[in-house]
Amino acid sequence: MFKIKYIGVILIFIAGLFLSSCEDVIQLDLTEAATRIVVDASLNAADGECHVHVTRTLGFYASDSSDQVAGATVELIHESGSKIPLVEEGPGRYRVTGIQVVPGERMKLAVTLPTDEKYLAETVIPGPVFLDSLNLSRGIGDPRPGGTPVFLLRPEWQDPAGVDNYYRFKIVKNGELQSGFTIISDRQVDGTLQEQPLFRYFFELGDTVHLEFQSIDSVSYSYFNQINDMARPSFVAATPYNPIGNFDNGALGYFGVYFSEVRELIVSLGR
Amino acid sequence: MKFKSVIYYVFFCLWFIPVGSLAGEEERFSVSGHIKDSKTGEILIGATVSILNNGTGTTTNQYGFYSVKLEAGSYNLRFSYLGYEPLDATVELKNNLHKDAELTPRATTLAEVLITGKSTRTAVNNLEMGSIQLDIKQLKSVPVLFGERDVLKGIQLLPGVSPSSEGSSNYFVRGGEADQNHVLLDEAPVYNPSHLLGFFSVFNSDAIKDVKLYKGGIPAAYGGRASSVLDIRMRDGNSKDWTATGGIGLIASRLTVEGPIVKDRGSILVSGRRTYADVALKAVTDDADSLTFYFYDFNLKANYELGSRDRIYISGYLGRDIFTRKEAGFDSGNATMTARWNHSFNTELFLNTSLVYSDYNYGFRFAFGKAAFRLNSGIIDYSIKQDYTWYPNTKNMIRFGWISTLHKFKPGNFASESDTAAFFAPIEPQQALESGIYLSNEQKISRRFSMNYGFRVSLFNNIGPYTVKRYDDNKDVLDSILYGAGEFYNGYVGFEPRITANYLIDSSNSIKVNYNRMYQYLHILSNSVSSFPTDLWTPSTPLILPKIADQFSIGYFTTFLKNTLDFSVEAYYKTMHNLVDYKNGAVTVLNPDIEAELVFGKGRAYGIEFSVNKTLGTLTGWVSYTLAKSEKQFEAINFGSWFPARQDRTHNFSIVASWQVLEQLNISGNWIYYTGDAVTFPGGKYEIDGTLVNLYTDRNGSRMPNYHRLDLGVSWQFKPRKSWNSDINVSLYNVYNRKNAYSIDFRESETVPGTTEAVRLALFGIVPSVTWNFKF
């Protein structure tokens, strides 16, 4: 579902009106949480590549962004029982290629740490969905004469009826990966033609756009949705919590499977 | 629960205490009438009538009506009200007598500056506890943000009440949630009493006469919210002369015009207020024609005396917030209308009948190229109610009545204007009927002991058409039942005992105890700190049970220094059932299956409130301190253990002072301090797909920084001119420029990528403001 950030924008605008409002970085004493294991695992069913990143949580003020867990045993387990081991390519980073999956089948991912703790996650392979087209919508932009027009991406695709579908858009604008998770569920619009603009990203004339359209599983959708929930400014966000994925034994993170498709365009008036 | 059965038992027995002999005595007659202001004809609420011969007395009700029953004879009556010259009258009682009184406001402001509307002695004597009457005149001297006098900011300085966040009109009462406060304007519920996301209340203080907050000891006549009742009464308007009052402020201007329809028989008042931030903004930016933002309020009140026994009132309020920018727009607002008919059947029985309408709605629309979307949502109430007051004798005052309200809920539905593509599934509207009957008696049992006991029975019915759904743990619909139009498909009944007792130790010391139970059938589903116009009221349903709050309180009231200092201490213990919260990861916007996203739990709150109040002299004001705790318990949160509610503010201190230095010069100030909110801060971090995610521990296990702030104000009264007078008010909000945190966000550093930092948002630094007020 499209997130409505509109209200937050109004609030920030009004705070700006008051002029005296200010944002500054403060030093807060935070109680350090106990270290937990994080498994960030995904399998791209379109090209058969699986990436797994195993880390430990860090203190909030730690200067690194992650604490790698090397030497783990990581395996994909197909519902038939066949096991495919992943290879450690760098500290904490595991990979395997050439995986072939069939939508509807179950797939598990097992992680065993050198210290013998075991973590297991399971998901169901989603069905592939492809874009019909990728268009642009002209937005308000700067309304003054000669002002820069602003564009929104408007992907179009047919949602398959009768099944739960979830989608994610990964956008690279002028070579820069846009942060956050743009996800959509067909929960309330099952089987309809999707052609709404993506309100989250704004483009100007001449921008190069690289869009990865993913058809994701329900585990990924729910997990990213929870991360989004936490990423909003705290005065509009829900009470904070740790997003829950599909790993057992208290591990954070998730294991998801998706089909992906890439489209590229340069923003121009002709489109 | 044993405690509860004891309460019920005591409660029922009370109705068998003899109500005093109603017959068989010497012949008794009533003296009754209205008490008014002699200059404006405005009725006075809570004015005192003392019978000097025997030391008894009574007070006027919300319509300025009083009635006393006495044996035949000659009596000396004294009519009094704080800020007015008392008026003595001798009556010869041979039959029922109608006696109106007009009191004259005291000439000198220096001798007595109003801080509370009640005289000090009545706090000891009366049968109210946990309630505070706020005089609008007192608000004049309290310095406020942007110089906009505001009743909702005023009550936040009282013990047991604190703002929901910086600058907000929303407030917490005794550890309850913000949606547990009933806000009534001339009996009409105001569903969103704030403008501009909460920074201003909808109440234009020029149009307000009386404000009374009940934190506990809530009379049986009120029902529908778990925590508190704020009863706001609009002024009736001057029935003697035409006058105009107004003010020009930093962000808004206001004007009130009032006068007699027929002299001494009826009056009309029209009041308006509008902000002009949009005008100012247009002056300083070249973004001129694209942005419009303002809010306005409009109050109207008219009354007419049909005879000595009947009086009719019409009052209305209309206010809206409007925000547009070219192709996007948002607007929200309330409209209320109350029609009332006061009728005295005889000198003993008074009746008020009201028809009430209240509408809160919001809508927004935005467009991108060819695609345009709009959303409209709201709640509408239609009520009819009757309130009787019966004065059978001097020892008893019996109140009874009923109310029935039809609520119509219009949920937010998002629609695309330009094409037919499904965007969001539609959400069904709902309707419900909420009713209540009540009976209570205020009884003087002996010279020292008096009680107010009664009960309210509330009924709530959901009415079709509606589809009731049940959900599994996966938020999927298990089954659904479709109910037809007009079908009553679900109902709740609440029995709500209310009892307060006062024991006078001596003329200046008393102890009071109170127990009350409140049912709440409407809820705001919201999980964010700020109040948004989009926070929507939803009814109880088969799944969402009514909230129930039980409160027990005990208080000690005294006065010293010749009644110039009023001291009180009140302790309370409150339990709350069926509190609602969202599940983690809930889809809260435009979700037709919102009920699948809810979890239910309970709460408890307790605390002790101290207050010292100085009402007389050139230096007036109060000091209040509250030590309190508020906790919640949800099965799904913190492994089912109790955790602090966000509004768990351990210490809450406020000092309000006003010093009348000269006849023309008043200096005022207030300082407030409260413990930071209980919040959930991260204790670590990790990375998912290149995005940093915060690691959290216990729910509400951390604290926001403590809040404190000093405000100062100076007002100068210009020499009165022949036909008009004016004053100027300069105030400073947050004098020592403390950066109180509105929110703290934890995010990736923009300067050092890969590291994380805590970012504080402080909304208001030091804010000066100037207001010029005038009266013709």
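It should be emphasised that the depicted structure is a prediction, and the values quoted were computed from it without experimental measurement.

Cut-offs used in this document
Residues numbered from 1 in each chain as written. Chains lettered and ligands numbered in written order. Predicted model: local features only at pLDDT ≥ 70, side-chain atom pairs only at ≥ 80, totals over all residues. Pairing = 2+ DSSP bridges. Helix = DSSP H or I, 4+ residues; strand = E, 2+ residues; numbered from the N terminus. Axes fitted to C-alpha atoms, helices over the stretch in contact; angles between N-to-C directions. Buried ≥ 20, exposed ≤ 12 C-beta atoms within 10 Å, placed from the backbone. Core = buried A, V, L, I, M, F, W, Y, C linked by C-beta atoms within 7 Å. Domains from an automatic or database assignment. Contact = placed C-beta atoms within 7 Å. Nonpolar A, V, L, I, M, F, W, Y, C, P; charged D, E, K, R; others polar.

Let's talk about the sheet that holds strand E12 (residues 181–185) of chain B
- Taken in spatial order, the 5 strands line up as E9-E16-E17-E12-E13 (chain B) in an open sheet, and their pairing is mixed. Two strands close off the open sheet at either side, each with one partner strand: strand E9 (131–135) and strand E13 (188–189) of chain B.

Details of the pairing of strand E41 (residues 665–674) of chain B
Residues and elements named next belong to chain B.
- Alignment of strand E40 (residues 651–660) against E41, held across 9 bridges, turns out to be antiparallel. Directly across from Asn652, in E41, lies its bridge partner Tyr674.
- Connecting the antiparallel pair E40 and E41 is a turn made up of 4 residues.
- Strand direction decides the pairing type here: E41 and strand E46 (residues 707–717), joined by 10 bridges, are antiparallel. Paired with Tyr673 across the two strands is His708, which belongs to E46.

A short note on the sheet that holds strand E49 (residues 756–762) of chain B
- The 3 strands are arranged E1(A)-E49(B)-E48(B) in an open sheet whose pairing can be described as antiparallel. Across the chains shown, the open sheet's two edge strands, defined by having one partner strand only, are strand E1 (22–26) of chain A together with strand E48 (743–748) of chain B. Direction aside, the axes of adjacent strands within the sheet are offset by 30° on average.
- Relative to E49(B), E48(B) runs antiparallel, the two sharing 6 bridges. Residue Arg747(B) lies in a different strand from E49(B), and its bridge partner there is Glu757(B).

Quick look at the environment of Asn474(B)
Residue and element names in this part refer to chain B.
- By secondary structure assignment, the location of Asn474 is in the loop between strand E29 (466–471) and strand E30 (477–483).
- Residue Asn474 is classed as exposed on the basis of its C-beta count, with 8 C-beta atoms lying within 10 Å.
- Separated by 122 residues in the primary sequence, Asn474 and Ala596 place their C-alpha atoms 8.6 Å from one another.

Description of the nonpolar core
Residue and element names in this part refer to chain B.
- Counting 75 residues, the largest nonpolar core has Val151, Ile155, Ile208, Leu230 and Ile232 as its most contacted members.
- Taken together, domain 2 (120–231) and domain 3 (232–775) each give at least three residues to this core, which thus spans both.
- Setting aside residues no more than four positions away along its own chain, Leu230 makes contact with Ile155, Asn181, His182, Val183, Leu184, Val211 and Leu213.

A few points about the domain arrangement of chain B
Residues and elements named next belong to chain B.
- Taken domain by domain, chain B consists of domain 1 (2–103), domain 2 (120–231) and domain 3 (232–775).
- For domain 2 and domain 3, the distance between their C-alpha centroids amounts to 8 Å.
- Each partner contributes residues to the interface: domain 2 has 70 residues there, and domain 3 has 123 residues.
- Among the elements of the structure, helix H2 (120–125), E12, E13, strand E14 (194–195), strand E16 (208–214) and strand E17 (228–234) are those that each provide at least two residues to the side of domain 2 that touches domain 3.
- Looking at side-chain class alone, the side of domain 2 that touches domain 3 contains 34 nonpolar, 24 polar and 12 charged residues.

Focus on the domain arrangement of chain A
All names here are of chain A.
- When the domains of chain A are assigned, the result is domain 1 (37–124) and domain 2 (129–241 + 258–266).
- Between domain 1 and domain 2, the contact holds 6 residues from the first and 5 residues from the second.
- Taken together, the elements giving at least two residues each to the side of domain 1 that touches domain 2 come down to strand E2 (37–44) and strand E10 (118–124).
- Along the lines of polarity and charge, the residues of the side of domain 1 that touches domain 2 split into 3 nonpolar, 3 polar and no charged.

Notes on unusual backbone geometry
All names here are of chain B.
- Look at the link from Gly464 to Pro465: it is a cis peptide, with omega at 5°.
- Positive phi, close to 60°, is recorded for Asn578, a residue that is not glycine.
- Looking at the element boundaries, Asn578 is found in strand E36 (residues 565–582).
- Overall, Asn578 belongs to the partly exposed group, with 19 C-beta atoms counted inside 10 Å.
- Notably, Asn737 is not glycine yet its phi reads approximately 50°, a positive angle.
- Counting through the fold element by element, Asn737 comes out in the loop between strand E47 (725–733) and E48.
- Under the C-beta neighbour-count criterion, Asn737 is labelled partly exposed, with 15 such atoms within 10 Å.

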